[in-house]
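Secondary and tertiary structure notes
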Amino acid sequence: MQSNASRLGLCGLRNIGNTCFMNSVIQCLSHTQELTRFLRSHHGSRSSSTKDQQILHEFAKLIQEMWTSNVHTVTPMELKRAFSTKHRMYSDYNQQDAQEFLRFFLDSLHSALNSGVKGETLNIDDNLSDNKKADLTWEWYTRHENSLVRDLFVGQLKSTLKCTTCGNTSVTFDPFWDLSVPLPSSSRCKLEACLDLFIREEVLDGDEMPTCAKCKTRRKCTKSFTIQRFPKYLVIHLKRFSETRWSKLSNIVEFPTSDSELNMGSYGANSNSNVHYSLYAISNHMGSTAGGHYVALCKHPVSRKWHEFNDNIVSEALSENHLVSSSAYILFYERT
């Protein structure tokens, strides 16, 4: 018999009408240890003032129930209701995109907890080093956006624009909640190939030409990304769907599944650092674009075993070689 602690959280979520997209994401967030630790001890009030605070309240209640011993299935009806009040497009029972839901959901949790102060504009001396600019931008951002959710999930991207005429470069730093990475045309590739495509230099020409600050006119430029600041929890979204959602790519992306196996160091703005991550959850989408079905694969924080969460059904332990498949859609990594 497994110990009680290693059974906690192995709780299914009932499907209340095409809500597998939501159930899959909730299971991945439920296995995000620092978020769940916070939510299990969070006691907000039902009369919380904002819609976001009501979402947080219902989510905390749901997580507490999911991590109660001998609870095997719960119904996320109240959370769905609170979320739909804020985001009307979720008020019916149509299938939705899990990654889009995740973004809206984390944004609501962040807003409910945000103690940041809006106000001052950002003025940065252009003569400062890139790293100093990055730090000042981050400090400014975190004064405005200050919550546990931001602490856990947000990183910082460095975008470099270089004029092909005069060679002038300008850098900007932006927060990111996840990385949406394109898939190469090969039917099987490694995650690194997707990340390479994400950060690779692209040429901005024609209609896309930006104005060079030095030439004072529109010029052909190159643009590239690197990661300035790595988040505690890194969410990688594999762009399987076309913009119109009419087609879906079924490439197999081989992603690192073992502890500390993903090293993001080579994508950092400051080279030679090792930045290791361990996979702990996957949101899988099976089937076609029209409908299909979502499940979650999550690693239990105590037993360290993988389980499949298919709505209300939770599988027994899975072996690690079940994790990589053509269904993998959102990958959740924890920094080690």
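Throughout, a residue's number is its position along its own chain's written sequence, starting from 1. Per-residue local features are limited, in this predicted model, to residues with pLDDT of at least 70; the limit for side-chain atom pairs, both in listing and counting, is 80 or more; totals at the level of whole chains, interfaces and linings are taken over all residues. As a convention, hydrogens and water are excluded, and side-chain values are obtained from all of the structure's heavy atoms.

The condition is simple: UniProt positions are given in the numbering used here, feature names are shortened, and annotations may be inferred rather than shown by experiment.
Under an unreviewed UniProt entry, the name given to the chain is ubiquitinyl hydrolase 1, and the organism recorded is Drosophila yakuba. Turning to the chain, the UniProt annotation filed under Catalytic activity (unreviewed entry) states: "Thiol-dependent hydrolysis of ester, thioester, amide, peptide and isopeptide bonds formed by the C-terminal Gly of ubiquitin (a 76-residue protein attached to proteins as an intracellular targeting signal)."

**Observations concerning the overall build of the chain**
Rules: Every helix listed is a DSSP run of H or I at least four residues long, and every strand listed is a run of E at least two residues long, numbered separately from the N terminus. Computation of the radius of gyration draws on C-alpha atoms, with the globule rule given as 2.2 Å multiplied by the number of residues to the power 0.38. Relative accessible area decides the class of each residue, using a 1.4 Å probe on protein chains only: under 20% of the type maximum gives buried, over 50% gives exposed, and in between gives partly exposed. We call two residues in contact when some of their heavy atoms are within 4.5 Å. Areas reported here follow the Shrake-Rupley algorithm with a probe of radius 1.4 Å; residue values treat only the protein chains shown as occluding.
A count of helices and strands for the chain gives 8 helices and 16 strands. The C-alpha radius of gyration computed for the chain amounts to 21 Å, which stays within 12% of the reference 20 Å derived for 336 residues, consistent with globular compactness. Taken along its principal axes, the extent of the C-alpha atoms in the chain is 65 × 50 × 40 Å. Burial analysis of the chain (336 residues in total) assigns 46% to the buried set. A fraction of 66% describes how many contacts in the chain between residues 6 or more apart in sequence connect residues 24 or more apart. Surface summary for the chain: the accessible area is close to 15700 Å², and the carbon and sulfur share equals 48%.

**Remarks on the pattern of salt bridges**
To keep things clear, this is the line we draw: Just to be clear on terms, a salt bridge is a Lys or Arg side-chain nitrogen sitting within 4 Å of an Asp or Glu carboxyl oxygen.
By the definition in use, this model includes 17 salt bridges. Of the charged contacts, one joins R7 and E316 as a salt bridge, the two residues approaching to 4.0 Å between their closest N and O atoms. Note that R7 is positioned in the segment before β1 (12–13) and E316 in the loop between β15 (313–314) and β16 (328–335), a separation of 309 residues in sequence. On the accessibility criterion, R7 (31% relative accessible area) is partly exposed. Accessibility expressed as a relative area gives 56% for E316, which makes it exposed. A salt bridge links K61 to E58; the nearest nitrogen and oxygen atoms lie 3.3 Å apart. Taken together, the positions of K61 and E58, both in helix α3 (residues 51–66) and 3 residues apart, correspond to about one turn of that helix. Given the relative accessible area of 39%, K61 is considered partly exposed. The exposure class assigned to E58 is buried, which follows from its relative accessible area of 4%.

**So, the pairing of β16**
Using the following cut-off: Only strands that DSSP links by at least two bridges are regarded as paired with each other.
With 7 of 8 residues buried, β16 lies mostly within the body of the structure. Two strands pair when backbone bridges link them, and strand β9 (residues 233–238) and β16 are joined in this way by 5 bridges, in the antiparallel orientation. Bridge pairing in β16 links Y233 to E334. Pairing between strand β12 (residues 276–286) and β16: 7 bridges, direction antiparallel. Looking at β16, one finds that Y277 is bridged to R335.

**A closer look at helix α6 (residues 130–144)**
An α-helical turn contains 3.6 residues, so a residue and the one three or four places further along point in the same direction. Basically, it comes down to this: A helix is expected to span 1.5 Å for every residue after the first. Along the arc lie the directions from the helix axis toward the C-beta atoms.
Here α6 contains 15 residues, and its C-alpha end-to-end distance of 21 Å stays within 8% of the 21 Å for a straight helix at 1.5 Å per residue. Among the residues of α6, those classed as buried are K133, A134, T137, W138, Y141, T142 and H144. Mapping the buried residues of α6 onto a view down its axis gives an arc of 160°, with all of them on the same face. Looking at the buried residues of α6, the elements they touch are α7 (148–153), β3 (155–163), β4 (169–176) and β8 (221–229).

**A short note on a negative patch on the surface**
The test is simple: Patches here: salt-bridge-free residues with over 30% relative accessible area, like charges joined within 9 Å, nonpolar side chains (Val, Leu, Ile, Met, Phe, Trp, Tyr) joined within 5 Å. In summary, the charge assignment counts Lys and Arg as positive and Asp and Glu as negative, without counting His or the chain termini. The location of each charge is read from NZ of Lys, CZ of Arg, CG of Asp or CD of Glu.
On the surface, E202, D205, D207 and E208 cluster together into a patch of negative charge. Along the chain, E208 falls in the loop between β7 (202–204) and β8. Taking the relative accessible area as the measure of exposure, E208 reaches 52% and is therefore exposed.

**Some remarks on the environment of W177**
Here W177 is to be found in the loop between β4 and β5 (179–181). Remark: the alpha-carbon pair of W177 and G291, spanning 114 residues in sequence, is separated by 26 Å. Ignoring sequence-local partners within four residues, the contact set of W177 consists of L106, H110, Y141, V149, R150, F153, V154 and V235.

**Describing the packing of helix α4 (residues 77–86) against helix α5 (residues 98–113)**
Rules: Between N-to-C directions, angles span 0 to 180 degrees; the directions come from axes that are lines fitted to C-alpha atoms, helices contributing only their stretch in contact. Each angle receives one of four descriptions, namely roughly parallel if under 35 degrees, roughly antiparallel if over 145, roughly perpendicular if within 65 to 115, and oblique otherwise. Residue polarity is assigned by list, with Asp, Glu, Lys and Arg as charged and Ala, Val, Leu, Ile, Met, Phe, Trp, Tyr, Cys and Pro as nonpolar; anything else, Gly included, falls into the polar class.
Interhelical geometry of α4 versus α5 gives an angle of 90° and a closest axis separation of 12 Å. Taken together, the axis directions place α4 and α5 in an arrangement best described as roughly perpendicular. Of α5, the residues touching α4 (which contributes L79, F83 and K86) are F101, F104, F105 and S108. Residues that form the contact of α4 with α5 fall into these classes: 5 nonpolar, 1 polar and 1 charged.

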